[in-house]
Amino acid sequence: MTIHDEIVRRRTFAIISHPDAGKTTLTEKFLLYGGAVQLAGSVRARKNQRATTSDWMELEKQRGISVSSTVLQFDYRGFAINLLDTPGHKDFSEDTYRVLTAVDGVIMVIDAGKGIESQTRKLFEICRHRGVPIFTFMNKLDRPTKDPLGLLDELESVLGISAYPVNWPLGTGFEFRGVYDRRVNEVHLFETNSGGAYRAPVYMTALSDESVEQAVGHHAYTASTAEIKVLDAAGSAFDAEAVLAGTLTPVFFGSASNNFGVQMLLDAFLDHSSPPRPRLATCGLVEPERTEFSGFVFKIQANMDPRHRDRIAFIRVCSGRFQRDMSVHHVRTGRKVRLSSSHKLFARDRETVDEAFPGDIIGLVGHAEFRIGDTLTEDPAIHYVGIPRFAPECFGFLHPDSAAQFKRFRGGMEQLLQEGVVQSLVLDESSRNVMLLAAVGPLQFDVVRYRLESEYGAGSRLEPAPWEVLRWVDPEFAEESWKSLLMPPGATKATDSAGLRVLLFASAWQVQYFASKYPEIALSDVPYCDRVGLVY
C-alpha cells in the first residue's frame, strides 16, 4: 500500500461518557466484534471470570472502574483501528482531556435512562472546541429509559448539536427486541446470549413483516412505527459533511451489555468518520501526507507490565512514515534521539512494530527525557501545540511512611509526576520540605499512593491541604509587585512545575474578593503558556 492508502484506512477514536454509562463495556464489545477478543469480559466480573481487557491496572479490577487510559489496536473490515479507552470517572478528566487531543473522532455513550449527565457535557465541550466528529450511542435500552424522542431533543437543547437518528429502538426496557435501520429500511431483531459474552444473533427483515410485531409486542410496535413516521416527516436529513464538521451527530440506540446494535454502530462509525486529519503546529497545519515523520507525546505510563518495570511514552503519529531505529528531533530539548524500542499496544500487551503511519498510536519504551506534549519530528520546524493542563481542585502534602523509604518514594514520585497523574507545586517562602500535590479529583491521590506502594515499595500518607482553587498569574505581572503582594488570610503564592506563578485560594469567594481588590492582576484557570498555544 501507498502512504495515502494507509492513512485512508486508519481510524483513531475515543469513547467518552459519564461514569457508569457503559463506555468500557462498549469498548469490550467493539473488541469482540472486531475479532480482537473471543470472549467479552464484564467490568464487574466475578472472581472466576476474566477481567475487562482495557482495565489492566489492579486498582481498576478492584473498584470496577477505569482510572487509566488504554490503547487498543486491531484490524476490522480492512480498517486499522486505534481505540483509546479513557477513564470515565470524573476525577480523571485531566487524563481523558489529554487523550482527546490525539483522536480524530469520538463516540459519546449516553445512559438512555438518565440522559445527558455532567461529565458527558464537559467532555462534549472539549470535543466541540476542537471540531471533533461526534457519534452518539444511546445505551441500556434493555432497561427503563427516557422517551427516545425526548433524548434526541435533549441532545439538541442541552448540547446544542443537531441529531440524526440512524436507527430507532423497537420497544424499550423489557420490551426492547431490536432496532430499525432508517438508512436501508430494515429491522434488526436480536437474541440474548450468555450475558453478552458472544456476538448477538440477528434476524433482519422488513418493518412490515408480521414477525416484527410478534417479537416486539403490539403496543411497542405501534408506538415505534408512529415515532418513525414522525422522524421521516419532520426530522433532518443525514449530512456527511456536517458530521465531519462536528455540527451533526448520528445517533444509534442499543444495549452494549447484550450486544444489541453494537455492530451497526461500529460499521457506521468506520464508514462515516474521518481518517487522520491535519494537526495544528507553530508552523501552521501539518497534513498527514507530509513526507517528514512527526508526532507528539500525549501520555506517559510506567510499569504497565510488572514483568518489565519500564516506561512507555504514547506517541500519536501525525505525518509521514515512522520506522523503527529512525533518528528524529526532540523539539523541546533540541537534541536528536533514536527511536529503537517501538511497540504496538493492546492494553498492557505489546509487540514490536517496525513502521507506523499517521493516526497510529505507538509506544516508545525508555526515553526518560520525554514529557507530555513533546514533539518528535524529522523536520525541526514542526512543533505541535494544544496539549492542555487544567486547574486542580484538590491539594495535599504527601509524606513517605518512613525515612528508610525516602529514596524509593522520591523515585516513584518523579515518575508519576512525569506521567501527569498529579501536578506538583512549590510554595513561596515555605520552610516545609514536603511535596505539595494538586489534582483534579481526590481519587488521583489514591492512585498515586496505591502505585507508590505496589510499584515502588514506598508507603505514604496524605495530609489534606486547605486550598480548593488554583489560578495562574499573568507572566507579565512585575516580579517586584509579586513579591510584595498581600494575600487574603488562607490564600498563598506558589510556583508550578513549569515555573509559572500561581495563587492558591481556600474558596471561590476568596478568588472573587482578590479579583475585586487587585483588578489589575489577570488570573486564568489554564496556564498562560497554553493560552498562547505553546507546548512546554
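Structure shown above.
What counts as what
The residue numbering used here restarts from 1 in each chain and proceeds along that chain's sequence as written. Local features in a predicted model are, by the rule used here, given only for residues with pLDDT of at least 70; side-chain atom pairs are given and counted only at 80 or more, and totals for whole chains, interfaces and linings are based on all residues. Water and hydrogen atoms were dropped before computing side-chain values, which therefore reflect all heavy atoms in the structure. Starting at the N terminus, helices and strands are each numbered in turn, a helix being any DSSP run of H or I of at least four residues and a strand any DSSP run of E of at least two. Buried means the residue's accessible area, taken with a 1.4 Å probe over protein chains only, is under 20% of the maximum for its type, while exposed means over 50%, and partly exposed covers the values in between. Residues are treated as being in contact if the distance between any of their heavy atoms lies within 4.5 Å. Accessible surface area values rest on a Shrake-Rupley calculation with a 1.4 Å probe, where residue burial reflects the displayed protein chains alone. A pair of strands is considered paired only if DSSP assigns at least 2 bridges between the two. Distance and chemistry together define a polar contact, namely a pair of N or O atoms within 3.5 Å, with one atom able to donate a hydrogen and the other to accept it when in protein, and with adjacent residues in sequence counting only for side-chain atoms on both sides. Every axis in this analysis is a line fitted to C-alpha atoms, fitted for helices over the stretch in contact. Angles between the N-to-C directions lie between 0 and 180 degrees. Whenever a carboxyl oxygen of Asp or Glu lies within 4 Å of a side-chain nitrogen of Lys or Arg, that contact is scored as a salt bridge. Geometry of aromatic contacts follows a simple scheme: Phe, Tyr and Trp rings, the Trp one being its six-membered ring, pair when their centres are within 6.5 Å, and the pair is stacked under 30 degrees between planes, edge-to-face over 60, tilted otherwise.

> It is not clear to me how the overall build of the protein should be interpreted in this structure. Could you clarify?
When helices and strands are counted, the protein shows 15 helices and 31 strands. Put simply, the protein has 536 residues, and 57% of those count as buried. Summarising the internal contacts of the protein: among those between residues at least 6 apart in sequence, 71% fall at separations of at least 24. Taken as a whole, the protein presents about 22300 Å² of accessible surface, with 50% of it coming from carbon and sulfur.

> What exactly am I supposed to notice about the pairing of strand S14 (residues 294-302) here?
Successive residues of a regular strand alternate their side chains across the two faces of the sheet. S14 sits mainly inside the fold: nine of its nine residues count as buried. As judged from the eight bridges shared by S14 and strand S15 (residues 311-319), these two strands associate in the antiparallel manner. Looking at the pairing, Ile300 lines up with Ala313 of S15. Across three bridges, the pairing between S14 and strand S23 (residues 375-377) is antiparallel. Pairing of Gly295 across the sheet is with Leu376, part of S23.

> It is not clear to me how helix H2 (residues 23-33) should be interpreted in this structure. Could you clarify?
Every α-helix carries 3.6 residues per turn, so stepping three or four residues along brings you back to the same face. Among the 11 residues in H2, 10 count as buried, and that is most of the element. Restricting attention to buried positions, one finds in H2 the residues Lys23, Thr24, Leu26, Thr27, Glu28, Lys29, Phe30, Leu31, Leu32 and Tyr33. A positive phi of about 80 degrees marks Gly35, the residue just after H2.

> What should I look at first to understand the side chain of Asn258 in this one?
Inspection of the secondary structure puts Asn258 in the loop between strand S11 (248-253) and helix H10 (262-272). The exposure class of Asn258 is buried, given its relative accessible area of 17%. At 2.9 Å, the side chain of Asn258 and the side chain of Asp142 are in polar contact.

> Please clarify how the environment of Leu417 should be interpreted in this entry.
Mapped onto the secondary structure, Leu417 falls in helix H11 (residues 406-419). Look at Leu417 and you get partly exposed, because its relative accessible area is 25%. The sequence separation of Leu417 and Ser497 amounts to 80 residues, and the corresponding C-alpha distance is 9.3 Å. In this structure, Leu417 is in contact with Val422, Gln423, Ser424, Met435 and Leu437, ignoring residues within four places of it in sequence.

> Just to check I follow, could you spell out the sheet that holds strand S26 (residues 435-439) for this structure?
Strand pairing in a sheet takes place through backbone hydrogen bonds and is either antiparallel or parallel in direction. Sheet architecture is open: eight strands sit in the order S27-S24-S26-S25-S29-S30-S28-S31, paired in antiparallel fashion. Here the strands that pair on one side only, and so sit at the sheet edges, are strand S27 (460-464) and strand S31 (523-524). Each of strand S24 (394-400), S26 and S27 touches helix H12 (residues 443-456); the most contacted strand, S24, lies at about 15 degrees to it. Strand contacts of helix H14 (residues 508-517): strand S28 (469-473), strand S30 (501-505) and S31, with the helix running at about 125 degrees to S30, the strand carrying the most contacts.

> Help me out: how do you make sense of the pattern of salt bridges in this one?
On inspection of all chains with the given rule, the structure shows 20 salt bridges. With its nearest N and O atoms 3.4 Å apart, the salt bridge here joins Lys146 to Glu154. The partly exposed category is assigned to Lys146, whose relative accessible area is 34%. Residue classification places Glu154 among the buried residues on the basis of a relative accessible area of 14%. Between Glu419 and Arg451 there is a salt bridge whose closest N-O contact spans 2.8 Å. Note that Glu419 is positioned in helix H11 and Arg451 in helix H12, a separation of 32 residues in sequence.

> Would you mind going over the sheet that holds strand S7 (residues 167-170) with me for this structure?
Strand order in the open sheet formed by four strands is S7-S8-S9-S10, and the pairing between neighbours is antiparallel. Looking at strand neighbours, the two that pair on one side only are S7 and strand S10 (202-205), the edges of this open sheet. Between one strand axis and the next, the sheet turns by 25 degrees as a mean value, whatever way the strands run. Here strand S9 (residues 186-190) pairs with S10 via four bridges, running antiparallel.

> Any chance you could explain the side chain of Gln510 here in plain terms?
Within the fold, Gln510 resides in helix H14. A residue is classified by how much of its surface remains accessible, and Gln510, at 7% relative accessible area, is buried. Within polar-contact distance, the side chain of Gln510 engages the backbone nitrogen of Ala506 at 2.8 Å.

> Could you clarify how one ought to interpret the packing of aromatic side chains in this entry?
Tallying each qualifying case throughout the model produces 15 aromatic pairs. Considering the side-chain rings of Phe176 and Phe260, the 5.7 Å spacing of their centres and the 50 degrees angle between planes classify their relative orientation as tilted. You can see Phe176 sitting in the loop between S7 and strand S8 (178-181) and its partner Phe260 sitting in the loop between S11 and H10, a full 84 residues away along the chain. As far as the burial class goes, Phe176 and Phe260 line up, both buried. On the numbers, 6.3 Å between centres and 65 degrees between planes, the contact of Phe397 with Trp467 is edge-to-face.

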